[in-house]
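Here are the chains, one letter per residue:
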Amino acid sequence: MTRYSLFATCPRGLESVLQQELSALGCGQPEPTDGGVACKGTLEQVYRINLHSRTASRVLLQLTKGSYRSEADIYTLARNIRWAEWFGLEQTFKAKVEGRRARVKSLDFAALKIKDALCDAFRDALGARPSVGKTNPDVRVHAFIGEQTVQIFIDTSGEALFKRGYRQDTGEAPLRENLAAGLLLLAGYDGTQPFQDPFCGSGTLAIEAARIAARRAPGLMRRFGFEKLKNFDAALWQNLRREAEQQALPQTPAPIGGSDNDRFMIRTAEANAQAAGVGNLIDWRVQDAQSVRPNGDNGIMVSNPPYGVRLAEVQALHALYPQLGTWLKQHYAGWRAGMFTADREMPKLMRLSPKRKIPLFNGNLDCRLFLIDMVAGSNR
């Protein structure tokens, strides 16, 4: 089987977790860089990553790589790809270009050059060209332009992988599913420990926890870009899906709970969990955080507590944090608490000292995951 150069993208800060996932899925030479992990893999690995990775955003398969001095060189590189071997005239495509220190007039102009090269290559081979699909293309082409090199990829994922296919309604600022899964894995959650999120909002953390615990592959409920490519191996894909379905457990090894003081958010979380196939695996409650109690011993709590934007909100939260610290110390000895927030002052105000502070981005928001091991008695 052909081994390809692959690049799996992920939210910044989750590269180490994604590297471990790719190793576990049998990919060769996984090397993290900013915003993703490069590795080697066959088509089977491409399918496996899309189906099983909890933290990847996209799986890109490299078609060519070369140095460039001008846009003309980028055109030539793209023109020499045998596009007609990957997809057909009747399919629509879209080209997207990203760059870091790219020496080009504009990334949009470079994208236009790649599109022209692709169309010209099709004309040479088949006498006609495919159409551009702006909103929902069959095939997505990605290019990364660095200071000296260009890499051109075909996207095997289609829609971004955080779109698991279950989210009904999200509330205000939802965590993306792959970021939520990454926070759980960074906190050491493996599905065998009790889990709670006392600020659960629309429920993403608890749902991802239930899917980890019940060994539900994140990609089982959706379609992928690779299904539209000419080299799609339908039999192999059916086998991998069947294997994933057989791994799923009917129950979680330990209890999982999500609570929020907003009744509407809990209804939303219940609907999302139902759609995700884990509705019966999570105990949802309308409850104020400080009245929540542990659902077992030595569990893991991961939460994305509200953080204020306006000054009055910030002051109200800063008054709440010491109370939260006291509540954790009183009731959660033996637990690990992970607080994901953009508020750097949080642990200090909770009077807790984190074991680790992991920098991560929630979209463009610079955040931290504070991991705090709760010991019996006080934490000072």
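Shown above is the structure to which this text applies.
What you see is a predicted model, and the numbers here were worked out from it, not measured in a lab. (Residues numbered from 1 in each chain as written. Predicted model: local features only at pLDDT ≥ 70, side-chain atom pairs only at ≥ 80, totals over all residues. Heavy atoms only, no water.)

**Q** Could you give me a rundown of the overall build of the protein chain, with the residues and numbers involved?
**A** Helices and strands together make up the secondary structure of the protein chain, namely 10 helices and 14 strands. A compact globule built from 380 residues should have a C-alpha radius of gyration of about 21 Å, and the protein chain, at 23 Å, falls within 12% of that. A principal-axis box enclosing the C-alpha atoms of the protein chain has dimensions of 75 × 45 × 35 Å. Each of the 380 residues in the protein chain was classed as buried or not, and the buried ones make up 52%. (Helix = DSSP H or I, 4+ residues; strand = E, 2+ residues; numbered from the N terminus. Rg over C-alpha atoms; globule rule 2.2 N^0.38 Å. Buried < 20%, exposed > 50% of the residue type's maximum accessible area, 1.4 Å probe, protein only.)

**Q** Please set out the environment of Gln151 residue by residue, giving values where relevant.
**A** Assignment of secondary structure puts Gln151 in strand β7 (residues 149-155). In this structure Gln151 comes out as partly exposed when scored by relative accessible area, which is 23%. Taking the C-alpha atoms as reference points, Gln151 and Leu63, separated by 88 residues in sequence, lie 7.7 Å from one another. When neighbours within four sequence positions are excluded, Gln151 is seen to be in contact with Gln62, Thr64, Lys65, His142, Ala143 and Phe144. (Contact = heavy atoms within 4.5 Å.)

**Q** Describe the sheet that holds strand β5 (residues 93-99), with residues and values.
**A** Here 7 strands make up an open sheet; going across it, the order is β2-β3-β1-β4-β7-β6-β5 and the pairing mixed. Two strands lie at the open edges of the sheet, namely β2 (28-33) and β5, each paired on one side alone. With direction set aside, neighbouring strand axes in the sheet form an average angle of 30°. Here strand β1 (residues 4-9) pairs with strand β3 (residues 36-41) via 6 bridges, running antiparallel. If you follow Leu6 over to β3, its bridge partner there is Cys39. (Pairing = 2+ DSSP bridges. Axes fitted to C-alpha atoms, helices over the stretch in contact; angles between N-to-C directions.)

**Q** Quick one: what's the story with the packing of helix α2 (residues 43-52) against helix α7 (residues 234-247), residue by residue and with numbers?
**A** Contact geometry for α2 and α7: axes closest at 10 Å, N-to-C directions at 35°. Relative to α7, the crossing made by α2 is right-handed. Contacts between α2 and α7 involve Glu44, Tyr47, Arg48, Leu51 and His52 from the first element and Leu236, Trp237, Leu240, Arg241, Glu243, Ala244 and Gln247 from the second. (Left-handed = near helix turned anticlockwise from the far one by under 90°.)

**Q** Can you break down the sheet that holds strand β14 (residues 365-373) residue by residue, with the values?
**A** Taken together, 7 strands build an open sheet; the order of strands is β10-β9-β8-β11-β12-β14-β13 and the sheet is mixed. On the outer flanks of this sheet lie β10 (283-286) and β13 (356-362), each paired with one strand and no other. Sheet twist, expressed as the mean angle between neighbouring strand axes with direction ignored, is 20°. Bridging between strand β11 (residues 300-303) and strand β12 (residues 336-341) involves 4 bridges; their strand directions are parallel. Across the sheet, residue Met301 finds its bridge partner in β12, namely Ala337.

**Q** With reference to specific residues and values, describe the state of the cysteines.
**A** In this structure the tally under the stated criterion is 0 disulfides. For Cys39, which is in no disulfide, the shortest distance to another cysteine sulfur is to Cys27 and amounts to 4.0 Å. In this structure Cys39 comes out as buried when scored by relative accessible area, which is 4%. Of all cysteine sulfurs in the structure, the one in Cys367 sits closest to Cys200, which takes part in no disulfide; the separation is 19 Å. Under the relative-accessibility criterion, Cys200 is labelled buried at 6%. (Disulfide = S-S within 2.5 Å.)

**Q** Kindly report on the environment of Cys27, identifying the contributing residues and their values.
**A** Position of Cys27 relative to the elements: it lies in the loop between α1 (15-24) and β2. A relative accessible area of 8% means that Cys27 is categorised as buried. Distance from Cys27 to Tyr189, taken between C-alpha atoms, is 23 Å for residues 162 residues apart in sequence.

So yeah, pure geometry; function would need other evidence.
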